[in-house]
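Observations on the three-dimensional arrangement
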Amino acid sequence: RTWWWRRPLQGPPRPAATTTRFWSFCWLVLGAWRGLLASACPNACTCSPERIWCSDSAASLVAFPVLGKRSEREKVVDIYIANQRKLESINEQDVGLYIGLKNLTVVDSGLKFVSRQAFLKNINLQYINFSRNKLSSLSRKSFRHLNLTDLILEGNPFKCSCDIMWIKIFQETKIPKTESRDFYCVNDYNQRVSLMEKPVPNCGKPSVKLSTHNLTVVEGRSVTLFCDATGSPPPVISWIFNNLISKHESDTNKNPASLTIKNVSSNDSGTQISCVAENSVGEDQDSVDLTVFFPPNITFLELPYPDHHWCIPFSVRGNPQPTLTWLHDSVKLNESDYIWTKIHVINQTEYHGCLQLDNPTHVNNGNYTLVAQNQYGKDEASIPAYFMEDPGGSPFYEHISYMGPGIFSFSILKTYRSLNDYLND
(Lines give C-alpha, C1' and ligand atoms only; values in the text may rest on other atoms or scores of the structure.)
Protein backbone atom coordinates (compact mmCIF):
# COMPACT_ATOMS: atom_id res chain seq x y z
CA ARG A 1 0.00 0.00 0.00
CA THR A 2 0.97 3.53 -0.55
CA TRP A 3 -0.03 6.00 2.14
CA TRP A 4 -0.42 9.62 1.23
CA TRP A 5 -0.30 12.38 3.86
CA ARG A 6 -1.50 15.84 3.00
CA ARG A 7 -0.57 18.84 5.16
CA PRO A 8 -3.67 20.87 6.11
CA LEU A 9 -4.13 24.16 4.35
CA GLN A 10 -2.84 27.16 6.36
CA GLY A 11 -5.41 29.60 7.58
CA PRO A 12 -6.31 31.82 10.55
CA PRO A 13 -6.19 30.06 13.96
CA ARG A 14 -9.44 28.75 15.29
CA PRO A 15 -11.02 30.79 18.20
CA ALA A 16 -10.85 27.85 20.60
CA ALA A 17 -7.14 27.41 20.01
CA THR A 18 -6.47 31.14 20.53
CA THR A 19 -8.39 31.19 23.85
CA THR A 20 -6.53 28.11 25.06
CA ARG A 21 -3.16 29.68 24.29
CA PHE A 22 -4.14 32.94 26.06
CA TRP A 23 -5.17 31.22 29.30
CA SER A 24 -2.11 28.99 29.16
CA PHE A 25 0.05 32.10 29.01
CA CYS A 26 -1.81 33.68 31.98
CA TRP A 27 -1.34 30.57 34.12
CA LEU A 28 2.33 30.52 33.14
CA VAL A 29 2.81 34.16 34.26
CA LEU A 30 0.87 33.58 37.49
CA GLY A 31 2.88 30.46 38.23
CA ALA A 32 6.13 32.33 37.66
CA TRP A 33 4.99 35.17 40.00
CA ARG A 34 4.05 32.69 42.71
CA GLY A 35 7.34 30.95 42.26
CA LEU A 36 9.31 34.17 42.66
CA LEU A 37 7.29 35.19 45.71
CA ALA A 38 7.63 31.76 47.27
CA SER A 39 11.38 31.83 46.76
CA ALA A 40 11.55 35.13 48.69
CA CYS A 41 9.14 33.99 51.42
CA PRO A 42 10.76 32.88 54.74
CA ASN A 43 10.82 29.12 55.23
CA ALA A 44 8.51 29.27 58.25
CA CYS A 45 5.81 31.21 56.40
CA THR A 46 3.46 31.15 53.44
CA CYS A 47 3.13 34.28 51.33
CA SER A 48 0.75 35.86 48.86
CA PRO A 49 1.12 39.27 47.20
CA GLU A 50 -0.68 41.00 50.12
CA ARG A 51 -0.24 38.64 53.06
CA ILE A 52 2.42 36.84 55.12
CA TRP A 53 1.25 33.96 57.31
CA CYS A 54 3.61 32.30 59.79
CA SER A 55 1.93 29.82 62.16
CA ASP A 56 4.01 26.64 61.97
CA SER A 57 5.34 26.12 65.50
CA ALA A 58 7.97 23.68 64.26
CA ALA A 59 9.64 26.43 62.21
CA SER A 60 10.57 28.54 65.26
CA LEU A 61 11.07 32.02 63.84
CA VAL A 62 13.86 33.90 65.60
CA ALA A 63 13.54 37.19 63.71
CA PHE A 64 10.68 39.05 62.05
CA PRO A 65 9.99 37.70 58.53
CA VAL A 66 11.40 39.82 55.72
CA LEU A 67 10.65 39.49 52.02
CA GLY A 68 13.58 39.89 49.67
CA LYS A 69 12.37 42.58 47.28
CA ARG A 70 11.21 46.07 48.22
CA SER A 71 8.46 46.04 45.60
CA GLU A 72 7.02 42.89 47.21
CA ARG A 73 7.22 44.27 50.77
CA GLU A 74 5.35 47.46 49.88
CA LYS A 75 2.29 45.46 48.74
CA VAL A 76 1.90 43.52 51.98
CA VAL A 77 -1.09 44.72 54.08
CA ASP A 78 -1.53 41.79 56.48
CA ILE A 79 1.04 39.91 58.59
CA TYR A 80 -0.06 37.04 60.84
CA ILE A 81 2.41 35.31 63.18
CA ALA A 82 1.49 32.66 65.74
CA ASN A 83 3.19 29.96 67.84
CA GLN A 84 6.69 31.40 67.42
CA ARG A 85 8.20 31.06 70.91
CA LYS A 86 11.65 32.28 69.86
CA LEU A 87 10.41 35.55 68.33
CA GLU A 88 11.13 38.00 71.16
CA SER A 89 11.36 41.50 69.66
CA ILE A 90 10.05 43.84 66.98
CA ASN A 91 12.23 46.73 65.79
CA GLU A 92 11.95 49.53 63.25
CA GLN A 93 14.16 47.60 60.84
CA ASP A 94 11.60 44.78 60.86
CA VAL A 95 8.10 46.24 60.47
CA GLY A 96 9.26 49.52 58.91
CA LEU A 97 9.97 47.66 55.67
CA TYR A 98 6.23 47.08 55.16
CA ILE A 99 5.02 50.65 54.61
CA GLY A 100 1.60 49.51 53.35
CA LEU A 101 0.91 47.32 56.37
CA LYS A 102 -2.60 47.68 57.87
CA ASN A 103 -3.03 44.61 60.09
CA LEU A 104 -0.37 43.08 62.34
CA THR A 105 -0.95 39.99 64.47
CA VAL A 106 1.65 38.34 66.71
CA VAL A 107 -0.08 35.92 69.10
CA ASP A 108 0.85 32.91 71.26
CA SER A 109 4.53 33.72 70.79
CA GLY A 110 7.55 34.85 72.83
CA LEU A 111 7.33 38.62 72.16
CA LYS A 112 8.97 40.55 75.02
CA PHE A 113 10.02 43.88 73.51
CA VAL A 114 8.60 46.38 71.01
CA SER A 115 10.89 49.27 70.05
CA ARG A 116 9.61 52.83 70.48
CA GLN A 117 10.49 53.41 66.82
CA ALA A 118 9.03 50.10 65.63
CA PHE A 119 6.03 51.55 63.74
CA LEU A 120 7.46 54.94 62.82
CA LYS A 121 7.03 54.28 59.08
CA ASN A 122 3.80 52.28 59.28
CA ILE A 123 1.38 55.19 59.07
CA ASN A 124 -1.32 52.95 57.54
CA LEU A 125 -1.37 50.54 60.48
CA GLN A 126 -4.90 50.19 61.91
CA TYR A 127 -5.12 46.85 63.74
CA ILE A 128 -2.59 45.29 66.16
CA ASN A 129 -3.02 42.06 68.14
CA PHE A 130 -0.22 41.07 70.54
CA SER A 131 -2.26 38.70 72.69
CA ARG A 132 -0.70 35.94 74.81
CA ASN A 133 2.94 36.96 74.56
CA LYS A 134 5.50 37.85 77.25
CA LEU A 135 5.19 41.63 77.26
CA SER A 136 5.75 43.14 80.71
CA SER A 137 5.76 46.77 79.49
CA LEU A 138 4.80 48.68 76.35
CA SER A 139 5.64 52.31 75.56
CA ARG A 140 2.89 54.64 74.40
CA LYS A 141 5.41 56.35 72.11
CA SER A 142 5.39 53.29 69.83
CA PHE A 143 1.74 53.94 68.94
CA ARG A 144 0.92 57.63 69.52
CA HIS A 145 1.24 58.62 65.84
CA LEU A 146 -1.00 55.80 64.61
CA ASN A 147 -4.73 56.00 64.03
CA LEU A 148 -5.46 52.54 65.45
CA THR A 149 -8.98 51.16 65.48
CA ASP A 150 -7.98 48.22 67.71
CA LEU A 151 -5.10 47.24 69.98
CA ILE A 152 -5.50 43.80 71.58
CA LEU A 153 -3.05 42.90 74.36
CA GLU A 154 -4.80 40.21 76.39
CA GLY A 155 -2.83 37.52 78.17
CA ASN A 156 0.49 39.41 78.67
CA PRO A 157 2.26 39.56 82.08
CA PHE A 158 2.27 43.38 82.26
CA LYS A 159 3.74 44.86 85.44
CA CYS A 160 1.45 47.27 87.29
CA SER A 161 3.01 50.70 86.66
CA CYS A 162 2.21 54.06 85.13
CA ASP A 163 3.85 52.86 81.90
CA ILE A 164 0.80 50.76 80.98
CA MET A 165 -2.01 53.05 82.15
CA TRP A 166 -2.17 54.56 78.67
CA ILE A 167 -3.49 51.20 77.42
CA LYS A 168 -6.50 51.47 79.72
CA ILE A 169 -7.14 55.03 78.48
CA PHE A 170 -6.85 53.86 74.85
CA GLN A 171 -9.39 51.09 75.40
CA GLU A 172 -11.81 53.45 77.11
CA THR A 173 -11.48 55.90 74.20
CA LYS A 174 -11.63 53.48 71.27
CA ILE A 175 -13.87 50.65 72.49
CA PRO A 176 -17.56 51.13 73.39
CA LYS A 177 -18.34 50.49 77.06
CA THR A 178 -20.65 47.62 76.10
CA GLU A 179 -17.70 45.86 74.42
CA SER A 180 -14.86 46.94 76.76
CA ARG A 181 -12.22 44.34 77.58
CA ASP A 182 -10.81 43.98 81.05
CA PHE A 183 -7.09 44.61 81.27
CA TYR A 184 -4.87 42.98 83.88
CA CYS A 185 -1.40 43.56 85.28
CA VAL A 186 0.81 41.82 87.87
CA ASN A 187 1.64 43.77 91.03
CA ASP A 188 4.70 43.57 93.31
CA TYR A 189 3.13 40.61 95.16
CA ASN A 190 2.72 38.68 91.89
CA GLN A 191 -1.02 39.17 92.08
CA ARG A 192 -3.15 39.65 88.98
CA VAL A 193 -4.96 42.98 89.22
CA SER A 194 -7.80 44.32 87.07
CA LEU A 195 -7.06 47.86 85.89
CA MET A 196 -10.76 48.40 85.24
CA GLU A 197 -11.51 47.84 88.91
CA LYS A 198 -8.30 49.12 90.51
CA PRO A 199 -6.15 51.50 88.46
CA VAL A 200 -2.47 51.95 89.31
CA PRO A 201 -2.27 54.71 91.96
CA ASN A 202 -0.48 58.04 91.39
CA CYS A 203 -0.75 57.81 87.61
CA GLY A 204 -2.41 60.77 85.90
CA LYS A 205 -2.62 61.99 82.34
CA PRO A 206 -1.16 65.52 81.92
CA SER A 207 -3.34 68.62 81.88
CA VAL A 208 -2.12 71.87 80.31
CA LYS A 209 -3.31 75.46 80.70
CA LEU A 210 -1.85 78.56 79.05
CA SER A 211 -1.70 81.88 80.89
CA THR A 212 -3.78 83.56 78.19
CA HIS A 213 -5.77 82.77 75.05
CA ASN A 214 -5.54 86.35 73.81
CA LEU A 215 -1.84 86.76 73.01
CA THR A 216 -1.47 90.25 71.50
CA VAL A 217 1.56 92.50 71.16
CA VAL A 218 2.59 95.62 69.25
CA GLU A 219 5.31 95.14 66.64
CA GLY A 220 8.80 95.65 68.07
CA ARG A 221 7.82 94.86 71.66
CA SER A 222 8.25 91.64 73.66
CA VAL A 223 5.72 89.21 75.13
CA THR A 224 5.92 86.22 77.49
CA LEU A 225 3.57 83.22 77.52
CA PHE A 226 3.33 80.80 80.46
CA CYS A 227 2.25 77.16 80.48
CA ASP A 228 1.12 75.36 83.63
CA ALA A 229 1.12 71.54 83.44
CA THR A 230 0.04 68.87 85.93
CA GLY A 231 0.30 65.08 85.78
CA SER A 232 1.88 62.05 87.41
CA PRO A 233 4.64 61.19 86.70
CA PRO A 234 5.61 64.87 86.19
CA PRO A 235 5.25 65.59 82.47
CA VAL A 236 7.88 66.82 80.05
CA ILE A 237 6.87 70.21 78.60
CA SER A 238 7.71 71.48 75.12
CA TRP A 239 6.73 74.45 72.94
CA ILE A 240 5.61 73.86 69.35
CA PHE A 241 5.34 76.53 66.62
CA ASN A 242 6.18 76.84 62.93
CA ASN A 243 8.29 79.51 61.24
CA LEU A 244 8.51 81.93 64.14
CA ILE A 245 10.76 84.70 62.77
CA SER A 246 11.17 86.78 65.93
CA LYS A 247 13.89 85.95 68.43
CA HIS A 248 12.60 83.79 71.25
CA GLU A 249 13.76 81.81 74.25
CA SER A 250 12.02 79.20 76.40
CA ASP A 251 12.38 77.68 79.84
CA THR A 252 10.75 74.26 80.23
CA ASN A 253 12.65 73.22 83.35
CA LYS A 254 10.25 75.14 85.57
CA ASN A 255 6.53 74.85 86.09
CA PRO A 256 4.95 76.93 84.77
CA ALA A 257 7.14 76.83 81.66
CA SER A 258 7.69 80.08 79.78
CA LEU A 259 8.22 81.30 76.21
CA THR A 260 9.46 84.86 75.62
CA ILE A 261 9.29 86.40 72.14
CA LYS A 262 11.46 89.49 71.70
CA ASN A 263 11.23 92.40 69.25
CA VAL A 264 8.16 90.79 67.70
CA SER A 265 7.93 90.93 63.90
CA SER A 266 4.66 91.69 62.13
CA ASN A 267 5.36 88.65 59.94
CA ASP A 268 4.67 86.43 62.97
CA SER A 269 1.07 87.59 63.32
CA GLY A 270 -1.24 84.57 63.10
CA THR A 271 1.40 82.05 64.20
CA GLN A 272 -0.06 79.29 66.36
CA ILE A 273 1.89 78.52 69.53
CA SER A 274 1.23 75.28 71.43
CA CYS A 275 2.37 73.99 74.80
CA VAL A 276 2.57 70.18 74.96
CA ALA A 277 2.96 68.15 78.17
CA GLU A 278 3.67 64.41 77.97
CA ASN A 279 4.31 61.57 80.39
CA SER A 280 4.05 57.78 80.18
CA VAL A 281 0.26 57.91 80.72
CA GLY A 282 -0.56 60.35 77.91
CA GLU A 283 -0.27 63.91 76.68
CA ASP A 284 -2.22 67.15 76.55
CA GLN A 285 -1.75 70.48 74.77
CA ASP A 286 -3.13 74.00 74.73
CA SER A 287 -2.74 76.50 71.88
CA VAL A 288 -3.05 80.20 71.16
CA ASP A 289 -2.62 82.36 68.04
CA LEU A 290 -0.16 85.25 68.25
CA THR A 291 -1.68 88.58 67.17
CA VAL A 292 0.73 91.38 66.25
CA PHE A 293 -0.52 94.95 65.85
CA PHE A 294 1.42 97.15 63.43
CA PRO A 295 0.98 100.26 61.25
CA PRO A 296 -0.09 100.01 57.59
CA ASN A 297 2.40 99.42 54.81
CA ILE A 298 1.44 99.77 51.14
CA THR A 299 3.48 97.04 49.48
CA PHE A 300 2.08 97.29 45.94
CA LEU A 301 0.46 100.01 43.80
CA GLU A 302 0.48 99.75 40.01
CA LEU A 303 -0.81 101.44 36.85
CA PRO A 304 -4.51 100.88 36.04
CA TYR A 305 -5.51 98.16 33.61
CA PRO A 306 -8.87 97.38 31.96
CA ASP A 307 -10.71 94.29 33.14
CA HIS A 308 -14.48 94.02 33.56
CA HIS A 309 -13.93 97.44 35.12
CA TRP A 310 -10.79 99.55 35.16
CA CYS A 311 -8.63 98.56 38.12
CA ILE A 312 -5.85 100.33 40.00
CA PRO A 313 -4.35 97.32 41.85
CA PHE A 314 -2.88 97.58 45.34
CA SER A 315 -1.72 95.50 48.31
CA VAL A 316 -1.68 96.74 51.90
CA ARG A 317 -0.49 95.18 55.16
CA GLY A 318 -1.64 96.27 58.58
CA ASN A 319 -3.26 95.11 61.82
CA PRO A 320 -5.92 96.06 62.73
CA GLN A 321 -7.23 96.28 59.17
CA PRO A 322 -6.37 99.74 57.80
CA THR A 323 -8.98 102.23 56.67
CA LEU A 324 -8.40 103.00 52.98
CA THR A 325 -9.12 106.36 51.36
CA TRP A 326 -8.16 107.75 47.95
CA LEU A 327 -7.12 111.20 46.75
CA HIS A 328 -7.60 112.29 43.15
CA ASP A 329 -5.17 115.09 42.31
CA SER A 330 -4.78 115.75 46.06
CA VAL A 331 -8.56 115.99 46.61
CA LYS A 332 -10.39 113.33 48.62
CA LEU A 333 -12.17 110.93 46.28
CA ASN A 334 -15.82 110.33 47.12
CA GLU A 335 -16.56 106.72 46.24
CA SER A 336 -19.80 105.89 44.43
CA ASP A 337 -21.42 103.24 42.26
CA TYR A 338 -18.93 104.21 39.56
CA ILE A 339 -15.72 104.44 41.61
CA TRP A 340 -15.19 102.20 44.63
CA THR A 341 -12.58 100.21 46.56
CA LYS A 342 -12.90 96.43 46.42
CA ILE A 343 -10.83 93.94 48.43
CA HIS A 344 -10.43 90.71 46.45
CA VAL A 345 -8.15 88.65 48.72
CA ILE A 346 -7.46 88.77 52.47
CA ASN A 347 -4.44 86.84 53.77
CA GLN A 348 -4.39 87.32 57.55
CA THR A 349 -2.99 90.87 57.74
CA GLU A 350 -2.59 91.44 53.98
CA TYR A 351 -5.29 92.96 51.79
CA HIS A 352 -5.21 92.77 47.99
CA GLY A 353 -7.68 94.69 45.90
CA CYS A 354 -8.47 97.40 43.37
CA LEU A 355 -9.81 100.89 43.06
CA GLN A 356 -12.42 100.01 40.47
CA LEU A 357 -13.69 102.55 37.95
CA ASP A 358 -16.76 101.92 35.78
CA ASN A 359 -16.37 103.51 32.32
CA PRO A 360 -13.95 106.28 33.36
CA THR A 361 -13.56 109.32 31.11
CA HIS A 362 -10.96 112.08 30.73
CA VAL A 363 -12.35 113.60 33.94
CA ASN A 364 -10.85 110.65 35.80
CA ASN A 365 -7.34 111.19 34.43
CA GLY A 366 -4.78 112.34 36.95
CA ASN A 367 -2.81 111.34 40.02
CA TYR A 368 -4.31 108.82 42.48
CA THR A 369 -3.04 108.58 46.06
CA LEU A 370 -3.90 105.65 48.34
CA VAL A 371 -3.91 106.46 52.08
CA ALA A 372 -3.96 103.51 54.55
CA GLN A 373 -4.41 104.26 58.25
CA ASN A 374 -5.04 102.54 61.59
CA GLN A 375 -4.41 103.53 65.21
CA TYR A 376 -0.73 102.55 64.93
CA GLY A 377 0.20 104.68 61.93
CA LYS A 378 -0.35 105.71 58.32
CA ASP A 379 1.15 105.06 54.89
CA GLU A 380 0.43 106.50 51.46
CA ALA A 381 1.50 105.99 47.84
CA SER A 382 0.59 107.59 44.50
CA ILE A 383 0.18 106.50 40.88
CA PRO A 384 -0.65 108.45 37.67
CA ALA A 385 -3.61 107.19 35.62
CA TYR A 386 -4.81 107.96 32.08
CA PHE A 387 -8.10 106.60 30.78
CA MET A 388 -9.30 108.81 27.88
CA GLU A 389 -8.19 111.75 25.73
CA ASP A 390 -9.24 115.15 27.02
CA PRO A 391 -11.30 117.00 24.36
CA GLY A 392 -9.82 120.24 25.71
CA GLY A 393 -6.32 119.09 24.74
CA SER A 394 -4.65 119.09 28.17
CA PRO A 395 -1.32 117.25 28.04
CA PHE A 396 -0.64 113.91 29.78
CA TYR A 397 2.45 111.77 30.28
CA GLU A 398 4.66 110.33 27.58
CA HIS A 399 6.83 107.92 29.53
CA ILE A 400 5.98 106.40 32.89
CA SER A 401 8.75 104.50 34.62
CA TYR A 402 8.34 102.43 37.81
CA MET A 403 11.05 103.39 40.33
CA GLY A 404 9.81 101.43 43.38
CA PRO A 405 6.68 101.11 45.52
CA GLY A 406 4.63 104.23 44.87
CA ILE A 407 7.52 106.03 43.01
CA PHE A 408 7.26 106.85 39.27
CA SER A 409 8.97 109.22 36.87
CA PHE A 410 7.27 110.63 33.79
CA SER A 411 7.59 113.33 31.08
CA ILE A 412 5.01 115.57 29.37
CA LEU A 413 3.46 114.49 26.08
CA LYS A 414 2.00 117.00 23.60
CA THR A 415 -0.18 114.48 21.74
CA TYR A 416 -2.24 111.77 23.40
CA ARG A 417 -1.51 108.07 23.28
CA SER A 418 -3.37 105.14 24.80
CA LEU A 419 -2.32 103.58 28.11
CA ASN A 420 -1.40 100.37 26.32
CA ASP A 421 1.13 102.37 24.29
CA TYR A 422 2.74 103.60 27.51
CA LEU A 423 2.98 100.12 28.91
CA ASN A 424 4.51 98.79 25.70
CA ASP A 425 7.26 101.45 25.57
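Values in this document were obtained by computation on a predicted structure and should not be read as measured data.

Topic: the pairing of strand 13 (residues 223-232)
The sheet contact formed by strand 11 (residues 204-210) and strand 13 spans five bridges and is antiparallel. Paired with valine 208 across the two strands is alanine 229, which belongs to strand 13. When strand 13 meets strand 16 (residues 257-262), the two strands line up antiparallel, connected through five bridges. Across the sheet, residue valine 223 finds its bridge partner in strand 16, namely isoleucine 261.

A word on the pairing of strand 17 (residues 272-278)
For strand 17, the buried fraction is high: six of the seven residues fall into the buried class. A loop of four residues connects strand 17 with strand 18 (residues 283-301), the two strands running antiparallel in sequence.

Describing the nonpolar core
One finds Ile79, Leu104, Phe119, Phe130, Phe143 and Phe158 to be the most contacted residues of the largest nonpolar core, which totals 46 residues. Elements represented by at least two residues in this core include exactly strand 2 (51-54), strand 3 (78-82), strand 5 (103-107) and helix 4 (165-174). The dominant element in this core, judged by the number of residues it contributes, is helix 4, at four residues. If we ignore the near neighbours within four places in the chain, the residues touching phenylalanine 158 are Leu135, Ser136, Ser137, Leu138, Leu153, Ile164, Ile167, Phe183, Tyr184, Cys185 and Val186.

Points about the sheet that holds strand 13
Strand pairing in a sheet is mediated by backbone hydrogen bonds. Such pairs are either parallel or antiparallel. What the four strands build is an open sheet, ordered 11-13-16-15; its pairing is antiparallel. Because the sheet does not close on itself, it has two edges, and the strands there are strand 11 and strand 15 (247-251). Strand-to-strand twist of the sheet, defined as the mean angle between neighbouring strand axes without regard to direction, takes the value 15°.

So, the packing of aromatic side chains
In the structure shown here, the tally under the stated rule is nine aromatic pairs. Seen from their ring centres, phenylalanine 119 and phenylalanine 143 are 5.5 Å apart, and the 40° between their planes marks the pair as tilted. Residue phenylalanine 119 is located in the loop between strand 6 (113-114) and strand 7 (127-129), and its partner phenylalanine 143 is located in the loop between strand 7 and strand 8 (150-152); the two are separated by 24 residues in the primary sequence. For the pair shown, phenylalanine 119 and phenylalanine 143 are each scored as buried. Among the aromatic side chains, those forming a connected cluster through ring pairs are Phe119, Phe143 and Trp166. For arginine 192, the ring lying beneath its charged end belongs to tyrosine 184, and the centroid distance is 3.8 Å.

A short note on the state of the cysteines
Such a bond, covalent and formed between the sulfur atoms of two cysteines, is termed a disulfide. If you walk through the whole model with that rule in mind, you get six disulfides. Linked covalently through their sulfurs, cysteine 41 and cysteine 47 form a disulfide whose S-S length is 1.9 Å. As the torsion about the S-S bond is roughly 75°, the cysteine 41-cysteine 47 disulfide counts as right-handed. Taking relative accessible area as the criterion, cysteine 47 reaches 24% and is therefore assigned partly exposed. One disulfide bridge connects cysteine 311 with cysteine 354, the sulfur atoms lying 1.9 Å from each other. Sign of the S-S torsion, about -65° for the bond between cysteine 311 and cysteine 354, identifies this disulfide as left-handed. Here cysteine 311, found in strand 20 (residues 310-319), pairs with cysteine 354, found in strand 24 (residues 350-357); they are 43 residues apart in sequence, far enough to count as distant. Across the pair, cysteine 354 and cysteine 311 agree in class, each one buried. Assigning the bonded cysteines of the chain consecutive numbers by sequence position, one obtains the connectivity 1-3, 2-4, 5-7, 6-8, 9-10, 11-12.

Observations concerning the side chain of serine 274
Here serine 274 lies in strand 17. Classification of serine 274 as buried rests on a relative accessible area of 6%. Only 2.6 Å separates the side chain of serine 274 from the side chain of serine 287, close enough to count as a polar contact. In this structure serine 274 touches Ser238, Trp239, Ile240, Gln285, Asp286 and Ser287, once residues within four positions along its chain are discounted.

Some details on the layout of surface pockets
If a probe as big as a water molecule is rolled over the atoms, it shows which places are left empty. The computed volume of the largest pocket comes to approximately 330 Å³. Along the wall of the largest pocket there are 15 residues; nearest its centre are Arg140, Arg144, Trp166, Ile169 and Phe170. Of all the elements, helix 4 adds the most residues to the lining of the largest pocket, at five residues. Class assignment for the residues of the lining of the largest pocket results in seven nonpolar, three polar and five charged. Considering only residue class, the lining of the second largest pocket consists of nine nonpolar, one polar and three charged.

Regarding the environment of valine 218
The topology assignment puts valine 218 in strand 12 (residues 215-218). In this structure the C-alpha to C-alpha distance between valine 218 and serine 266, which are 48 residues apart in sequence, comes to 8.4 Å. Filtering out sequence-adjacent residues up to four positions away, valine 218 remains in contact with Val292, Phe293 and Tyr376.

Rules used throughout
The written sequence of each chain sets the order in which its residues are numbered from 1. Local features in a predicted model are, by the rule used here, given only for residues with pLDDT of at least 70; side-chain atom pairs are given and counted only at 80 or more, and totals for whole chains, interfaces and linings are based on all residues. To get the side-chain values, all heavy atoms of the structure are used, and hydrogens and water are removed first. In this analysis, strands are considered paired if DSSP registers two or more bridges between them. Starting at the N terminus, helices and strands are each numbered in turn, a helix being any DSSP run of H or I of at least four residues and a strand any DSSP run of E of at least two. Relative accessible area decides the class of each residue, using a 1.4 Å probe on protein chains only: under 20% of the type maximum gives buried, over 50% gives exposed, and in between gives partly exposed. Buried Ala, Val, Leu, Ile, Met, Phe, Trp, Tyr and Cys residues that are joined via side-chain atoms within 4.5 Å together make up what is termed a nonpolar core. In this description, contact between two residues means that some pair of their heavy atoms is separated by no more than 4.5 Å. The axes are straight lines fitted to the C-alpha atoms, using for helices just the contacting stretch, and the angles between their N-to-C directions are given from 0 to 180°. Each aromatic pair joins two rings of Phe, Tyr and Trp (for Trp, the six-membered one) with centres within 6.5 Å, and gets the label stacked for planes under 30 degrees apart, edge-to-face for over 60, and tilted for any other angle. Lysine NZ or arginine CZ positioned within 6 Å of the ring centre and within 35 degrees of the ring normal marks a charge as sitting over the ring. Two cysteine sulfur atoms form a disulfide, by the criterion used here, when they sit within 2.5 Å. Side-chain atoms alone can form a polar contact between residues adjacent in sequence; in general such a contact is a pair of N or O atoms within 3.5 Å, and within protein one must be able to donate a hydrogen while the other accepts it. Both site types are read off a 1 Å grid over the protein atoms alone. A 1.4 Å probe that fits but cannot get out defines a cavity, while an open set with protein on both sides within 12 Å along at least five of seven lines defines a pocket; lining residues have an atom within 4 Å of a point. Grid points are joined across faces, edges and corners, and a volume is the space filled by probe spheres set on the points. Note on residue categories: nonpolar means Ala, Val, Leu, Ile, Met, Phe, Trp, Tyr, Cys or Pro, charged means Asp, Glu, Lys or Arg, and polar means any other residue, Gly included.

Without other data, these values stay purely geometric and don't point to any function.
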